[in-house]
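# Understanding the architecture of this molecule
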Amino acid sequence: MKFINLKSILSSVAIASLLTGCAQTTGNQTYDQNQNAIIGTTLGALAGVVLGNNIGGGSKGRNKVIGAVAGAAVGGAIGYSMDKQAKEVADSLNTNVNN
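Everything numeric in this text was worked out from a predicted model, so none of it was measured. (Residues numbered from 1 in each chain as written. Predicted model: local features only at pLDDT ≥ 70, side-chain atom pairs only at ≥ 80, totals over all residues. Heavy atoms only, no water.)

## Section: the overall build of the chain
Heads up, the rule is: Every helix listed is a DSSP run of H or I at least four residues long, and every strand listed is a run of E at least two residues long, numbered separately from the N terminus. Exposure classes here rest on a 1.4 Å probe applied to the protein chains alone. A residue is buried below 20% of its type maximum, exposed above 50%, and partly exposed in between. Whether two residues touch is decided by their heavy atoms; if any such pair falls within 4.5 Å, the residues are in contact. Areas reported here follow the Shrake-Rupley algorithm with a probe of radius 1.4 Å; residue values treat only the protein chains shown as occluding.
Per the secondary structure count, the chain includes 3 helices and 2 strands. Along the chain, from the amino end to the carboxyl end, the secondary structure elements read α-β-β-α-α. Each of the 99 residues in the chain was classed as buried or not, and the buried ones make up 27%. In the chain, the share of contacts with a sequence separation of at least 24, taken over all contacts with a separation of at least 6, comes to 58%. For the chain, the exposed surface amounts to about 6,800 Å²; the carbon and sulfur share of it is 64%.

## Observations regarding the packing of helix H2 (residues 35-55) against helix H3 (residues 60-92)
The line we're drawing: Note on method: axes are straight lines fitted to C-alpha atoms, helices fitted across the in-contact stretch only, with angles between N-to-C directions ranging 0 to 180 degrees. When an angle is under 35 degrees it counts as roughly parallel; over 145 it counts as roughly antiparallel; between 65 and 115 it counts as roughly perpendicular; any other value is oblique. For any pair of crossing helices, the crossing counts as left-handed if the nearer helix is rotated counterclockwise from the farther one by less than a right angle, and right-handed if it is rotated clockwise. Under this grouping Gly is polar, as are all residues other than the nonpolar Ala, Val, Leu, Ile, Met, Phe, Trp, Tyr, Cys and Pro and the charged Asp, Glu, Lys and Arg.
Where H2 meets H3, the closest approach of the two axes is 6 Å, and the angle between their N-to-C directions is 155°. As far as their axial angle goes, H3 and H2 are roughly antiparallel. Crossing hand, H2 versus H3: right-handed. Classifying every residue of the contact of H2 with H3 gives 7 nonpolar, 14 polar and 3 charged.

## Digging into H3
Selection rule: For a helix, the expected span equals 1.5 Å multiplied by the number of residues minus one.
With 33 residues, H3 extends 47 Å between its outermost C-alpha atoms, agreeing within 8% with the 48 Å of an ideal straight helix rising 1.5 Å per residue. Looking at H3, one finds that the buried residues are Asn-63, Lys-64, Gly-67, Ala-68, Gly-71, Ala-72, Gly-75, Gly-76, Gly-79, Asp-83 and Ala-90.

## So, a nonpolar patch on the surface
So the rule is basically this: Each patch is built from salt-bridge-free residues with over 30% relative accessible area, joining like charges within 9 Å and nonpolar side chains (Val, Leu, Ile, Met, Phe, Trp, Tyr) within 5 Å. Salt bridge, as used here: a side-chain nitrogen of Lys or Arg that lies within 4 Å of a carboxyl oxygen of Asp or Glu.
On the surface, a cluster of nonpolar side chains totalling about 280 Å² of accessible area is made up of Val-74, Ile-78 and Met-82. As for its position among the elements, Met-82 is in helix H3. Met-82 gets classed as partly exposed once you look at its relative accessible area, which sits at 42%.

## A few points about the pattern of salt bridges
On inspection of all chains with the given rule, the structure shows 1 salt bridge. Two residues, Lys-87 and Asp-91, come together in a salt bridge whose shortest N-O distance is 3.0 Å. Taken as a pair, Lys-87 and Asp-91 lie in helix H3 at a separation of 4 residues, close to a single helical turn.

Next up, the structure:
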């Protein structure tokens, strides 16, 4: 069984920190209309780094980057569609629902 090394964990945390910095703060509450897209992008990038490190052959660094980019794209797309669907439901109910 392969173990994730410290560099993988630190790079994953750094990516997650950069991506979650997109949230907007209003008062004591953090609010963003694309909250699911941000979460999906972050989790997708983290999962991609881990999978790229453990599955791919050849250059580990290259595999991590490819995995992070692919995971972020897929996770962001799924999160965006969830945000869009939540907005459509809120609009159809004529409410200000925030997920």
